[in-house]
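Residues per chain are reported as follows:
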Amino acid sequence: MVDYHSTNNQSAGGAQTYMEQENDWDRDLLLDPAWEKQQRKTFTAWCNSHLRKAGTQIENIEEDFRDGLKLMLLLEVISGERLPKPERGKMRVHKINNVNKALDFIASKGVKLVSIGAEEIVDGNAKMTLGMIWTIILRFAIQDISVEETSAKEGLLLWCQRKTAPYKNVNVQNFHISWKDGLAFNALIHRHRPDLIDYDSLRKDDPVTNLNNAFEVAEKHLDIPKMLDAEDIVGTVRPDEKAIMTYVSCFYHAFSGAQKAETAANRICKVLAVNQENEQMMEDYEKLASDLLEWIRRTIPWLENRTQEKTVKDLQAKQEDFRDYRTVHKPPKVQEKCQLEISFNTLQTKLRLSNRPAFMPSEGRMVSDINTAWHTLEGAEKGYEEWILSEIRRLERLEHLAEKFHQKAAIHESWTDGKEAMLTQKDYETSTLSEVKALLRKHEAFESDLAAHQDRVEQIAAIAQELNELDYYDAASVNARCQKICEQWDILGSLTHSRKESLERTEKQLESIDELYLEYAKRAAPFNNWMEGAMEDLQDMFIVHNIEEIQGLISAHEQFKSTLPEANKEREAIQAIQAEVQRIAQSNGIKLSGANPYTTITPQSIDSKWEKAMTMVPQRDCALQDELNKQNSNDSLRATFAAQANSVGAYIQAKMEEIGRISIEMNGTLEDQLTNLKDYQKTIMSYMPEINKLEGHHQQIQEALIFDNQYTSYTMEHLRVGWEQLLTTIARTINEVENQILTRDAKGISQEQLFEYRASFNHFDKKRSGQMVSDDFRALLISTGNSLGDGEFNRIMGIVDPNSSGFVTFQAFIDFMSRETTDTDTADQVIASFKILAGDKNFITADELRRELPPDQAEYCIARMAPYAGPDGVPGALDYMSFSTALYGESDL
């Protein structure tokens, strides 16, 4: 049974008013036979449950207390105090004196006895005797029951309601009819000892069975004597309230010891669960930070690699790899970075709420370190993209120049083929004068041709030099070929000069010159050179990047075509010279010796080259038209991309400004704000198809090798950064509201307080940035009623700005205010809870931890508790005091 001795050590003054009210009971109700019967049984059983500790009991409650002896004995047992020595005489005066001693002891405990005198007890007045016993029960069994600032009857009723709330068909509202069906008694037992009651098998329509089951189990297993008969309760319209309260109080005291242990265990479990969760979050942060930094470390060297490729195709493969990095590999890392920041902020909030030291990540893994590494990554990424584009331009230019070089070199080498042998001939030594003069004129024509080819040689050398300056991969072979051409050109120049001198020495011997042949040769050579140059230009490759450039080429081509009629007249004039030669020879019977001695250019070759050039003109028209169509298509791509980019850019800018206003001007409850923010986040994420659409346009732009866009100032890189910043900002804002909810729920801050904190913070946040400098924060604290010296203000700044950033956020402000206005678990509370589990010892054993705590948390404590070093320890004793203080850091020691 329950030990009531501790009640006598408490002050009775606070209970005086309550006892006066409880003693003011309607005594006429005891005349109800059913209620009097229930009180007799209940009070008799209650008295016997205590008297049996002294080896005695009563049979008839009004008879057995008449001499006062057993009444005094009952008071000594339940109070643990000695009463004055009783008188052993049998006379009425002796009995009255003994009863008065008992009544005086009851009055000394702060109980006001109304209309109860010793004579009435000695005379066996049943009504007064039951009233006296009820007064004793109230004082020693019910008065000290306290649940959430309610006491006695209200506290006992609240305790019953709390314990039976989860059970079906149980609704405890009073101490009479709420207990008639017996389910409430069974629910109390099952709540504390579920192994004793099969609650689901009970039926509400069988109250006798339910009551007997509860009374028998309580008597057998809980040492609570049977105080009522089930038939008496069921057979009464309204069971006696005092009898039920007496019976229920026995259940309360039987389970109160277990409740203390359960409360202590729950407190320890709560503290350990918070610590385990925080440690897991720390491990998760460290791993995620390490993985992200390792990925950045491996990626940056790849982005900084500037190994040059030999062809555009090879470089485009690199560009495709970079595009895969941008669209496939990087986006998940952006999400990991955002999640890392959210996890870090949530962890710090939980640590502050649970009064734990702030989390300091390993060296090099702070959020700022990750942001720095990320900034380096984005810088390398931008540089790599710019390098790829510049390399593509460079290689395109190199390939164009190389093709042009080899084309011009092949034409020149074809022209110089055999010229060296021709210039070294000594045919003039055996020639006639006319033949020598012919050779001289021919040589003059050759010199003219040689001078015309000088430009081509200079062009070849200039192209070779440009290829060297642009670091062309096959520059060695280009240089060798150019060197050979230049050396050969110098030899031809020297040989030409030598041959001319030889011919001039014999010129005086040459008189017969065919003027027509000479004129033909002089006019045919430049015309032939012009045709070769025209054909070379018609076959020339071109690279343009916009409509203006292709239109310039088309204009130049049209200008060239406008010269063709004049050129055709020159061709016809040259052919007329050859026709005149034939006419004179035929008319004068002259037999021509062969070809024109002054030139190798025949009329047939001129006509052949002219016809070939005329076929190239329409081909050039088609090529230029195709390029114009391509540039028109590229311009359309530019316009399409620009329209989408301008729309997306404006959207991102508007949303960034809008989320800035939302984060400062939040209205409604935190749950409403969180719901609105998540809905707002979904609205923003629904815009993702527009971003993907823009990425598609950007890919088409890159595949078309378009490098500029006059229709928009936005670049894809700019918009990507803006979009990622928008997503990160809304995620951070949601996280701030979630942390505010955690703070409110953990600290018990009302919605009105949060609104007041927000309004005060916004008033002093002059820049509307969501954070304020120290001077504004000092003004904010003063406005809340804090009188601050420099030392106190520096202490507060150390709490709200542990990293000394110079700024205070709203979350840090409400954490500080909640810390100052609410209580949290402390090391002393945890130590007190461990002491309860240890049976008031200064140490605890592993077996005790395993018995009182869940398995995982018991092993957690055993693994971290140091051996107990005190003199009163036993083998295997563990130091729970140092373990508890370590949970909260040195600040709680």
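Residues numbered from 1 in each chain as written. Predicted model: local features only at pLDDT ≥ 70, side-chain atom pairs only at ≥ 80, totals over all residues. Heavy atoms only, no water.

1. Description of the overall build of the chain
So, step 1. Of the regular secondary structure elements, the chain holds 32 helices and 6 strands.
So, step 2. Residue burial in the chain is summarised as follows: out of 893 residues, 46% are buried.
So, step 3. Partitioning the contacts of the chain with sequence separation of at least 6, the portion at a separation of at least 24 is 75%.
So, step 4. As displayed, the chain has an accessible area near 44200 Å², and 50% of this comes from carbon and sulfur atoms. (Helix = DSSP H or I, 4+ residues; strand = E, 2+ residues; numbered from the N terminus. Buried < 20%, exposed > 50% of the residue type's maximum accessible area, 1.4 Å probe, protein only. Contact = heavy atoms within 4.5 Å. Areas by Shrake-Rupley, 256 points an atom, 1.4 Å probe, with all protein chains shown as cover.)

2. What about the packing of helix 8 (residues 152-164) against helix 9 (residues 183-192)?
So, step 1. Where helix 8 contacts helix 9, the two axes come as close as 9 Å, and the packing angle between them is 70 degrees. Here helix 9 runs roughly perpendicular to helix 8, going by the angle between their axes. Seen from above, helix 8 lies across helix 9 with left-handed handedness. Counted together, W159, C160, R162, K163 and T164 of helix 8 and A184, A187, L188, R191 and H192 of helix 9 form the full contact between these two elements.
So, step 2. Partitioning the contact of helix 8 with helix 9 into residue classes produces 5 nonpolar, 2 polar and 3 charged. (Axes fitted to C-alpha atoms, helices over the stretch in contact; angles between N-to-C directions. Parallel < 35°, antiparallel > 145°, perpendicular 65-115°, else oblique. Left-handed = near helix turned anticlockwise from the far one by under 90°. Nonpolar A, V, L, I, M, F, W, Y, C, P; charged D, E, K, R; others polar.)

3. Topic: the nonpolar core
So, step 1. In terms of nonpolar packing, the biggest core is built from 77 residues, with W46, I136, W179, F185 and F251 touching the most fellow members.
So, step 2. Counting residues per element, this core draws most heavily on helix 7 (residues 126-142), at 11 residues.
So, step 3. Residues within four places of F185 in sequence aside, it is in contact with W179, L211, A214, F215, I244, Y247, V248 and F251.
So, step 4. Formed by 44 residues, the second largest nonpolar core is a distinct cluster that contains L670, L694, L781 and I796. (Core = buried A, V, L, I, M, F, W, Y, C linked by side-chain atoms within 4.5 Å.)

4. Overview of the pattern of salt bridges
So, step 1. The final tally for this structure, using the stated rule, is 49 salt bridges.
So, step 2. Here R365 and E286 are joined by a salt bridge, their closest N and O atoms 3.0 Å apart. Here R365, found in the loop between helix 13 (312-353) and helix 14 (367-416), pairs with E286, found in helix 12 (residues 241-304); they are 79 residues apart in sequence, far enough to count as distant.
So, step 3. For R365, a relative accessible area of 28% corresponds to the partly exposed category.
So, step 4. Assessed through its relative accessible area of 16%, E286 is described here as buried.
So, step 5. E413 is paired through a salt bridge with R481; the nearest N and O atoms lie 2.8 Å apart. With E413 in helix 14 and R481 in helix 17 (residues 475-505), the pair connects residues that are 68 residues apart, well separated along the chain.
So, step 6. Salt bridges sharing partners connect three or more residues here, namely R326, K330, E378, E381, E385, E695, E717 and R720. (Salt bridge = Lys/Arg side-chain N within 4 Å of Asp/Glu carboxyl O.)

5. Structural notes on unusual backbone geometry
So, step 1. The backbone phi angle of N169 is positive, close to 65 degrees, even though this residue is not glycine.
So, step 2. Structurally, N169 is set in the loop between helix 8 and helix 9.

6. Observations regarding the packing of aromatic side chains
So, step 1. In the structure shown here, the tally under the stated rule is 27 aromatic pairs.
So, step 2. On the numbers, 5.7 Å between centres and 25 degrees between planes, the contact of F527 with W530 is stacked. Separated by 3 residues within a single helix, F527 and W530 lie in helix 18 (residues 515-539), roughly one turn from each other.
So, step 3. Classification of F527 by relative accessible area gives buried; the value is 5%.
So, step 4. Here the aromatic rings of F834 and F883 are separated by 6.1 Å at their centres, their planes lie at 75 degrees, and the arrangement is edge-to-face. Taken as a pair, F834 in helix 29 (residues 827-837) and F883 in helix 32 (residues 880-887) lie far apart in primary sequence, 49 residues in all. Each member of the pair F834 and F883 is classed as buried.
So, step 5. Each member of the aromatic cluster is reached from another via a ring pair, and the members are F175, W179, F185, F215, Y247 and F251. (Phe/Tyr/Trp six-rings, centres within 6.5 Å; stacked < 30°, edge-to-face > 60°.)

7. So, the layout of surface pockets
So, step 1. Volume-wise, the second largest pocket comes out at about 560 Å³.
So, step 2. Lining of the second largest pocket is provided by 24 residues; of these, P331, Q335, M688, W723 and L727 occupy positions nearest its centre.
So, step 3. Contributions of two or more residues to the lining of the second largest pocket are made by helix 13, helix 22 (670-685), helix 23 (688-703) and helix 24 (716-747).
So, step 4. For the lining of the second largest pocket, the leading source of residues is helix 13, giving 9 residues.
So, step 5. Grouping the amino acids of the lining of the second largest pocket by side-chain chemistry returns 12 nonpolar, 6 polar and 6 charged. (1 Å grid on protein atoms, 1.4 Å probe; cavity = no way out; pocket = protein on both sides within 12 Å on 5 of 7 lines; lining within 4 Å. Points joined across faces, edges and corners; volume = space filled by probe spheres on them.)

8. Thoughts on the side chain of N212
So, step 1. Residue position: N212 is located in helix 10 (residues 207-221).
So, step 2. Apart from the residues within four sequence positions on either side, N212 is in contact with K226, A230 and E231.

9. Concerning helix 4 (residues 69-79)
So, step 1. The buried fraction of helix 4 amounts to 8 of the 11 residues, a majority that puts the element mostly inside the structure.
So, step 2. All of the buried residues in helix 4 are L71, M72, L74, L75, E76, V77, I78 and S79.
So, step 3. Buried positions along helix 4 lie against helix 2 (33-51), helix 5 (92-108) and helix 7.
So, step 4. Just downstream of helix 4, G80 is the residue with a positive phi angle, here 75 degrees.

10. As for the packing of helix 13 against helix 14
So, step 1. Put simply, helix 13 and helix 14 touch, their axes get as near as 11 Å, and they point 165 degrees apart. Considered as vectors, helix 13 and helix 14 are oriented roughly antiparallel to each other. Handedness of the crossing formed by helix 13 with helix 14: left-handed.
So, step 2. Class assignment of the residues belonging to the contact of helix 13 with helix 14 gives a composition of 17 nonpolar, 2 polar and 12 charged.

11. Thoughts on helix 8
So, step 1. With 13 residues, helix 8 should reach 18 Å at 1.5 Å per residue; the first-to-last C-alpha distance of 18 Å fits that figure.
So, step 2. All of the buried residues along helix 8 are A152, G155, L156, L157, L158, W159, C160, K163 and T164. (Expected span 1.5 Å × (residues − 1).)

12. A word on the environment of D607
So, step 1. As for its position among the elements, D607 is in helix 21 (residues 603-664).
So, step 2. D607 gets classed as partly exposed once you look at its relative accessible area, which sits at 25%.
So, step 3. Linking D607 and E572, residues 35 residues apart in sequence, is a C-alpha distance of 9.6 Å.
So, step 4. In contact with D607, not counting residues within four places along its chain, are R571 and Q575.
So, step 5. For D607, the side chain forms a polar contact with the side chain of Q575, separated by 2.8 Å. (Polar contact = N/O pair within 3.5 Å; in protein donor to acceptor, adjacent residues only side chain to side chain.)

13. Looking at the confidence of the model for the chain
So, step 1. On average, the chain scores 81 in pLDDT, and the residues at 70 or more come to 89%.
So, step 2. Long-range and interchain partners of residues 1-31, a stretch whose pLDDT sits below 50, account for 71 contacts in this model, where long-range means more than four residues apart.
So, step 3. Within the model, the stretch residues 509-513 combines pLDDT values under 50 with 15 contacts to residues more than four positions away or in other chains. (pLDDT = per-residue confidence, 0-100.)

14. Description of the environment of T600
So, step 1. Take T600: it is sitting in the loop between helix 20 (564-587) and helix 21.
So, step 2. A C-alpha to C-alpha distance of 9.0 Å links T600 and A525, two positions 75 residues apart in sequence.

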